[in-house]
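A look at the structure
The residues making up each chain are set out below.
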Amino acid sequence: MSKKAKVAAGGVAVGLILLIWLPWWAALLIVLGVPAAAYLTLDPAQRRRLRRVNRKEIGR
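Throughout what follows, the structure given in this document is the object of discussion.

**As for the overall build of the chain**
Along the backbone of the chain there are three helices and zero strands. The order of α-helices and β-strands along the chain, N terminus first, is α-α-α. For 60 residues, the compact-globule estimate of 2.2 N^0.38 gives 10 Å, and the chain exceeds it by more than 25% at 15 Å. Its C-alpha atoms put the chain at 40 × 30 × 15 Å along the principal axes. Considering the chain as a whole, with its 60 residues, one finds that 7% of them fall into the buried category.

See the structure below:
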């Protein structure tokens, strides 16, 4: 199993646990808010690099 697959499986597991433990809107806020907050903590050069890598992966 690749590293990305492990991260995705862990994210799904955490999401399911949050849905059981918290109201659905709170779980959704956490699932969407954590990656957004992580992206916003990057400096502009890191954001450009991340966008460039993502574009290469989808073949643009």
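So, next bit.
**Quick look at the environment of Val 31**
Within the fold, Val 31 resides in helix α2 (residues 24–40). On the basis of relative accessible area, Val 31 is assigned to the partly exposed category, the value being 42%. Once you skip the residues sitting within four places of it in the chain, Val 31 turns out to touch Gly 15 and Leu 18.

**A closer look at a positive patch on the surface**
A surface patch of positive charge is lined by Arg 48, Arg 49, Arg 51, Arg 52 and Arg 55. For Arg 55, the location among the structural elements is in helix α3 (residues 44–57).

**Things to note about the packing of helix α1 (residues 3–21) against α2**
In contact at an axis separation of 7 Å, α1 and α2 are set at 150° when each is read in the N-to-C sense. Between α1 and α2, the angle is such that the two are roughly antiparallel. Crossing hand, α1 versus α2: right-handed. Of the residues in α2, those touching α1 at Gly 15, Leu 18 and Leu 19 are Trp 24, Ala 27, Ile 30 and Val 31. For the contact of α1 with α2, a count of residues per class yields six nonpolar, one polar and no charged.

Reading the values: the criteria
- Residues numbered from 1 in each chain as written.
- Predicted model: local features only at pLDDT ≥ 70, side-chain atom pairs only at ≥ 80, totals over all residues.
- Heavy atoms only, no water.
- Helix = DSSP H or I, 4+ residues; strand = E, 2+ residues; numbered from the N terminus.
- Rg over C-alpha atoms; globule rule 2.2 N^0.38 Å.
- Buried < 20%, exposed > 50% of the residue type's maximum accessible area, 1.4 Å probe, protein only.
- Contact = heavy atoms within 4.5 Å.
- Patch = residues over 30% accessible without salt bridge, like charges linked within 9 Å, V, L, I, M, F, W, Y side chains within 5 Å.
- Areas by Shrake-Rupley, 256 points an atom, 1.4 Å probe, with all protein chains shown as cover.
- Salt bridge = Lys/Arg side-chain N within 4 Å of Asp/Glu carboxyl O.
- Lys, Arg positive; Asp, Glu negative; His and termini not counted.
- Charge placed at Lys NZ, Arg CZ, Asp CG, Glu CD.
- Axes fitted to C-alpha atoms, helices over the stretch in contact; angles between N-to-C directions.
- Parallel < 35°, antiparallel > 145°, perpendicular 65-115°, else oblique.
- Left-handed = near helix turned anticlockwise from the far one by under 90°.
- Nonpolar A, V, L, I, M, F, W, Y, C, P; charged D, E, K, R; others polar.

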